[in-house]
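Residues per chain, in single letters:
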Protein chains: 2
Amino acid sequence: MVTDTKTNLLNSAEHAARTRGFDGFSYADLAAEVKITKASIHHHFANKATLAVALMQRYHTDLKAACAEIDLEHATGAACLSALISRYHGALEGGQSLCLCVSFSTSIESLSAQTIAEMNSFRSMMIEWISQKFRQGKEDGSIQHVLDPEAEAAALLPLLEGAQLAARVAQDTQRFEAALRLVSQRFQT
Amino acid sequence: MVTDTKTNLLNSAEHAARTRGFDGFSYADLAAEVKITKASIHHHFANKATLAVALMQRYHTDLKAACAEIDLEHATGAACLSALISRYHGALEGGQSLCLCVSFSTSIESLSAQTIAEMNSFRSMMIEWISQKFRQGKEDGSIQHVLDPEAEAAALLPLLEGAQLAARVAQDTQRFEAALRLVSQRFQT
DNA sequence: GTCTATACCAAGATAGAC
DNA sequence: GTCTATCTTGGTATAGAC
């Protein structure tokens, strides 16, 4: 399958941002990887702010689709949340990479208001989906001790993100697993 | 009290790193704030890598001292952990700032091996202290449902860090509080 | 210990040809 | 849609005077 240049640029930029942060990659990096010149990138993304917005929008769409797919493939609340945890685990790529929203978070001052709005929109979507899964798990009995699904969701998303940071610093994905162990143990398989 | 230039530089750099990330501040920023020239900074810190190491070492020392002070001022495991959570909450500065280790984590590729080693050393120290507090809270009955103090600590530090990211993106410290609510509810006051 | 001056490079971005 | 060429700014870092 042939991928168009714009998609190649988004792929390259997402990988760069997730491994080096928003302030840690440049048009020159993308140009080298996609094999066009810096000037040509500006044809697709007029400036870095535009690129950042496009990255977050695509990321939001991708994750929403991933959650919808998890819904279809798993029967219980616990199974769905386990699948989400697996996805965040996989996104580590062995400790080299972070989820896009985490990698953008420390560079907030370099980002446009629109990008920050997209980040918040993404987080709201995720929190809502996770809340619903805790409600489901409470009802179907697949998650133990669920008192407040909203409080659970407000904790789980930050825990996933923080666990990624822990694994990244230690260059060891077991840190991620260790951070998630407590909540995973409440899932009935 | 008069502060020497080197300390002023460290203070300025720490604030800059915590609000804009390691790749998001420059010697020019510090020079403007401390009111010396860029060239003079190199007298105190030969290069940015040296500065990063000094920042992490001081941060480690500061947090270790803060934990020791918490130990002295609070009787129970729950009270000590509540005090630590308060410190991380306060470090947000209303949603503008992160803890230094979090702000460095996304820029790992720009950091020297020595700086990364200092970050891991800091995290080990914190995990150990938190583990001990969960053990204490289990024994003195101040924390409910503690089965595995090590697993609790492996989760709490990432949760604190992830909760800071959540508050930073939303520009709302209530996200931090919401993320910590579940664990805080297990503390007997 | 701080300064001026400067070297060197990389960044984001633009103009205009093809 | 991609190129060459160029602009402007700002980054880290150094030399050498005071």
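Located above this text is the structure these notes cover.
Residues numbered from 1 in each chain as written. Chains lettered and ligands numbered in written order. Predicted model: local features only at pLDDT ≥ 70, side-chain atom pairs only at ≥ 80, totals over all residues. Heavy atoms only, no water.

**Brief notes about the relation of the copies chain B and chain A**
By a simple turn and slide, chain B fits onto chain A: the slide is 0.0 Å along the axis, the RMSD is 0.1 Å, and the turn is 180°. Both copies of the chain, as the preceding transformation shows, are related through a two-fold rotation axis. Looking at the interface residues of chain B, 100% of them are also at the interface in chain A, so both copies use one shared face. (Least-squares fit on C-alpha atoms with pLDDT ≥ 70 in both. Contact = heavy atoms within 4.5 Å.)

**Here's the deal with the protein's contact with DNA strand C**
The full set close to DNA strand C counts 16 residues, and A:Tyr27, A:Asn47, B:Thr37, B:Ser40 and B:His44 are the nearest of them. Atoms of DNA strand C within 4 Å of the protein belong to the sugar or the phosphate in 64% of instances, the rest to bases. Within the backbone of A:Tyr27, a nitrogen or oxygen atom sits 2.9 Å from a phosphate oxygen of DNA strand C. Residue A:Lys38 places a side-chain N or O atom 3.4 Å away from a base nitrogen belonging to DNA strand C. Looking at the surface near DNA strand C, the elements that each hand over two or more residues are α2 (27-34) and α3 (38-44) of chain A together with α3 (38-44) of chain B. Among the elements that take part in the surface near DNA strand C, α3(B) stands out by supplying four residues, more than any other. Grouping the constituent residues of the surface near DNA strand C by class yields six nonpolar, eight polar and two charged. (Near = heavy atom within 4 Å. Polar contact = N/O pair within 3.5 Å; in protein donor to acceptor, adjacent residues only side chain to side chain. Helix = DSSP H or I, 4+ residues; strand = E, 2+ residues; numbered from the N terminus. Nonpolar A, V, L, I, M, F, W, Y, C, P; charged D, E, K, R; others polar.)

**Observations concerning the protein's contact with DNA strand D**
Among the 16 residues in the neighbourhood of DNA strand D, the closest are listed as A:Thr37, A:Ser40, A:His44, B:Tyr27 and B:Lys38. Take A:Thr37: an N or O atom from its main chain is 2.7 Å from a phosphate oxygen of DNA strand D. Among the secondary structure elements, those contributing two or more residues to the surface near DNA strand D are α3 of chain A together with α2 (27-34) and α3 of chain B. The greatest single-element share of the surface near DNA strand D, amounting to four residues, is contributed by α3(A). Its residues assigned to classes, the surface near DNA strand D shows six nonpolar, eight polar and two charged.

**Describing the interface of chain B and chain A**
The partner chain A presents 34 residues to the 34 residues of chain B that form the contact. A per-residue breakdown of the area chain B buries against chain A is headed by B:Thr106, B:Val169 and B:Leu182, which together make up 23% of the total. Along the contact surface separating chain B from chain A lie two salt bridges. Between B:Glu109 and A:Arg168 there is a salt bridge whose closest N-O contact spans 4.0 Å. Contributions of two or more residues to the side of chain B that touches chain A are made by α1 (5-20), α6 (100-105), α7 (113-139), α8 (149-170) and α9 (174-184) of chain B. Among the elements that make up the side of chain B that touches chain A, the one with the highest residue count is α8(B) (14 residues). (Buried area = accessible area lost by both parts, 1.4 Å probe. Salt bridge = Lys/Arg side-chain N within 4 Å of Asp/Glu carboxyl O.)

**As for the nonpolar core**
Within the largest apolar cluster, 126 residues are counted, with the highest numbers of intra-cluster contacts made by A:Phe104, A:Leu180, B:Phe104 and B:Leu180. Every residue in contact with B:Leu180, bar those within four places of it in the chain, is listed here: B:Ile85, B:Leu156, B:Leu159, B:Leu160 and B:Ala163. (Core = buried A, V, L, I, M, F, W, Y, C linked by side-chain atoms within 4.5 Å. Buried < 20%, exposed > 50% of the residue type's maximum accessible area, 1.4 Å probe, protein only.)

**Focus: the pattern of salt bridges**
Enumeration according to the criterion identifies 16 salt bridges over all chains in this entry. Of the charged contacts, one joins B:Glu14 and B:Arg58 as a salt bridge, the two residues approaching to 3.0 Å between their closest N and O atoms. Residue B:Glu14 is located in helix α1, and its partner B:Arg58 is located in helix α4 (residues 48-73); the two are separated by 44 residues in the primary sequence. The exposure classification of B:Glu14 matches that of B:Arg58, with both residues buried. Each of A:Glu14, A:Arg18 and A:Arg58 takes part in salt bridges that share partners, so that together they form one network.

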